[in-house]
Each structure stands twice: as structure tokens, then as C-alpha cells.
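A structural walkthrough
Below, each chain spelled out in residue letters.
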Amino acid sequence: SQKIEQNSEALNIQEGKTATLTCNYTNYSPAYLQWYRQDPGRGPVFLLLIRENEKEKRKERLKVTFDTTLKQSLFHITASQPADSATYLCALGANSGGYQKVTFGTGTKLQVIP
Amino acid sequence: DVKVTQSSRYLVKRTGEKVFLECVQDMDHENMFWYRQDPGLGLRLIYFSYDVKMKEKGDIPEGYSVSREKKERFSLILESASTNQTSMYLCASRLTGTDTGELFFGEGSRLTVL
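As the structure is a prediction and not an experimental result, all values here were calculated from the model. (Residues numbered from 1 in each chain as written. Chains lettered and ligands numbered in written order. Predicted model: local features only at pLDDT ≥ 70, side-chain atom pairs only at ≥ 80, totals over all residues. Heavy atoms only, no water.)

1. Quick word on the overall build of chain B
Across its full length, chain B carries zero helices and 11 strands. Each helix (α) and strand (β) of chain B, taken in turn from the N terminus, gives the series β-β-β-β-β-β-β-β-β-β-β. A compact globule built from 114 residues would reach a C-alpha radius of gyration of about 13 Å, and chain B, at 13 Å, matches this within 12%. For chain B, the spread of C-alpha atoms along the principal axes amounts to about 40 × 30 × 25 Å. Buried positions account for 48% of the 114 residues belonging to chain B. Considering only contacts within chain B whose residues lie at least 6 apart along the sequence, 55% involve residues at least 24 apart. Of the accessible surface of chain B, which amounts to about 5500 Å², a share of 50% is contributed by carbon and sulfur atoms. A gap of 7 Å separates the mean positions of the 16 positive and 17 negative side-chain charges of chain B. (Helix = DSSP H or I, 4+ residues; strand = E, 2+ residues; numbered from the N terminus. Rg over C-alpha atoms; globule rule 2.2 N^0.38 Å. Buried < 20%, exposed > 50% of the residue type's maximum accessible area, 1.4 Å probe, protein only. Contact = heavy atoms within 4.5 Å. Areas by Shrake-Rupley, 256 points an atom, 1.4 Å probe, with all protein chains shown as cover. Lys, Arg positive; Asp, Glu negative; His and termini not counted. Charge placed at Lys NZ, Arg CZ, Asp CG, Glu CD.)

Here's what the structure looks like:
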């Protein structure tokens, strides 16, 4: 069966360190992978997209890697700040019957400690 | 800025009641989606619509129906609410043909069925 797995346990890191979040998937052939941020009681907000033929994408303090052989994406936040504390969701975009369907992982809660 | 507005942030309904959740987007997006979010299960796709009057089942359509009579509005209908439909419901929209396939989410509607 298809699965998208993110660490269910919260990740606690010290301010200034690099946070690394993992997204693993099975039985998917995604065209792209996205990362979203979700704050409590709010809808997710898009951060980055990486396509199947790309290895790495950067945006300011964010870096995403995508390994289609390992079926894994890593999401890095460098020089983390308390304001980065949130739940981070990965989402896979794949063709489904001629449409592009987006399926989400369960998310990882990040807590940046001052 | 794209705005996706969900009609109610909090609803409390009784078992067997018919429930309407409304979603309106103001950016002329073709695609609209309904997800539900539950702890440990993440976001799960209920229905999506690729254009006016079009609808496709997502991963968990049972017990739900949708309506898209106008491009800007996508309604989720629970014909006969049950307690297992207590959840956070999130609406999203997307413009086709963009580079990122970014989904824009509303703030969510938290439904409690007693």
C-alpha cells in the first residue's frame, strides 16, 4: 500500500542549530514533492517544491533534498529560530487518472528552544 | 494575496444532521480540494474538483458529497453526520499550470458531531 511517513515524534532543537526533518514514501512515483508549514489552528502554508529530476532546492534558510532511489526527502532549516516552531508537512504530487493528486504525510512537530 | 475563506471556524452538530461546509476562493483558481485532518492520520483527501461542475473522489469520500456550481465556491456536504466525522476540515485551491503546484488553504472548520 502507499505510505508517506514523517517522524511522528516531535523534534526539539536548540536555537541556532540546523533542524532536519525526514519524509519517506513507498509505492509512489511522485512528479514532485512539496513542504508546508502549519501553525496550531491554522491551515498549512506552502514553503518549497522539488521535482523528481531535482536533487536539491534552497530558499533562504531552507533546503530540501529529494532522493528518488531512497524514496526520501530531507528538509533542513539552518540557523533555526523559535519562530520556526511549527508542524511541517511533506506532500507528494503524482498523476492519478489524468489528474494531479496531492497526498500529505502526517507531519513532524518542530520545537526550537531558545 | 490569495484568500481561501471557509464559512465556519467551529461547528457543533448532532448525529444525523445534514451539514454544509462552504469554501470560497477569490483568485479564479480552477482546482479546489477538501481534506480532513485528524491526529496521527494527517491530511486525507475527501474530494477534489478540477473545474466547475467537475468532481473526483479522493481517498475517503464515503459519507460525503460535494458541489461546485461556481468556480469560486466548493461545498462539502455531510448528508447524515456521524460522530466519526468529528474532525478539522480544510479547503484548498490551486491554479493549474503554475511552477510550484502550490495549494492555498483556508483556516479550517472544526466540526464536532455529538
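2. A few points about the interface of chain A and chain B
Taken together, the contacts link 19 residues of chain A with 24 residues of chain B. Area buried by chain A at its contact with chain B is led by A:Y99, A:K101 and A:F104, which between them contribute 29% of it. Scanning the region where chain A abuts chain B turns up two salt bridges. Between B:E107 and A:R42 there is a salt bridge, with the nearest N and O atoms lying 2.5 Å from each other. Summed over the shared surface of chain A and chain B, the result is eight residue pairs in polar contact (both at pLDDT 80 or more). Broken down by secondary-structure element, the contributors of at least two residues to the side of chain A that touches chain B are β4 (32-38), β5 (45-51) and β10 (99-104) of chain A. Per-element accounting of the side of chain A that touches chain B gives the leading share, five residues, to β10(A). (Buried area = accessible area lost by both parts, 1.4 Å probe. Salt bridge = Lys/Arg side-chain N within 4 Å of Asp/Glu carboxyl O. Polar contact = N/O pair within 3.5 Å; in protein donor to acceptor, adjacent residues only side chain to side chain.)

3. As for the pattern of salt bridges
One pass over the structure, following the stated rule, counts 12 salt bridges over all chains. A salt bridge links A:K101 to B:D59; the shortest N-O distance between them is 2.6 Å. Residue A:K101 is found in strand β10, and its partner B:D59 is found in the loop between β6 (56-57) and β7 (65-70); the two belong to separate chains. A relative accessible area of 16% means that A:K101 is categorised as buried. Taking relative accessible area as the criterion, B:D59 reaches 40% and is therefore assigned partly exposed.

4. Points about the state of the cysteines
One covalent bond between the sulfur atoms of two cysteine residues makes up a disulfide. Residues and elements named next belong to chain A. Inspection of the entire model under this criterion finds two disulfides over all chains. Disulfide pairing is shown between C23 and C90; the S-S distance is 2.0 Å. Because the torsion about its S-S bond is 60°, the bridge between C23 and C90 counts as right-handed. Remark: C90 occurs in strand β9 (residues 86-96) and C23 occurs in strand β3 (residues 19-26); sequence separation between them is 67 residues. (Disulfide = S-S within 2.5 Å.)

5. A closer look at the side chain of B:S93
All names here are of chain B. Counting through the fold element by element, S93 comes out in strand β9 (residues 87-94). On the accessibility criterion, S93 (0% relative accessible area) is buried. Within the local environment of S93, its side chain forms a polar contact with the side chain of H29, the two groups lying 2.8 Å apart. Beyond its immediate chain neighbours, meaning those up to four positions away, S93 contacts V4, Q25, H29, N31, M32, E102, L103 and F104.

6. Points about the environment of A:Q72
Residues and elements named next belong to chain A. Relative to the elements of secondary structure, Q72 occurs in strand β8 (residues 72-77). On the basis of relative accessibility, which here comes to 22%, the residue Q72 falls in the partly exposed class. Here Q72 is in contact with T22, C23, N24, Y25, T65, F66 and D67, once residues within four sequence places are set aside. A polar contact of 2.9 Å, which involves the side chain of Q72, links it to the side chain of N24.

7. Focus: the sheet that holds β3(A)
Residues and elements named next belong to chain A. Taken in spatial order, the five strands line up as β1-β3-β8-β7-β6 in an open sheet, and their pairing is antiparallel. Each having just a single partner strand, β1 (3-6) and β6 (56-59) make up the two edges of the open sheet. Between one strand axis and the next, the sheet turns by 15° as a mean value, whatever way the strands run. Pairing of β3 with β8 involves six bridges; the strand directions are antiparallel. Note that in β8 the partner of C23 across the bridge is S73. (Pairing = 2+ DSSP bridges. Axes fitted to C-alpha atoms, helices over the stretch in contact; angles between N-to-C directions.)

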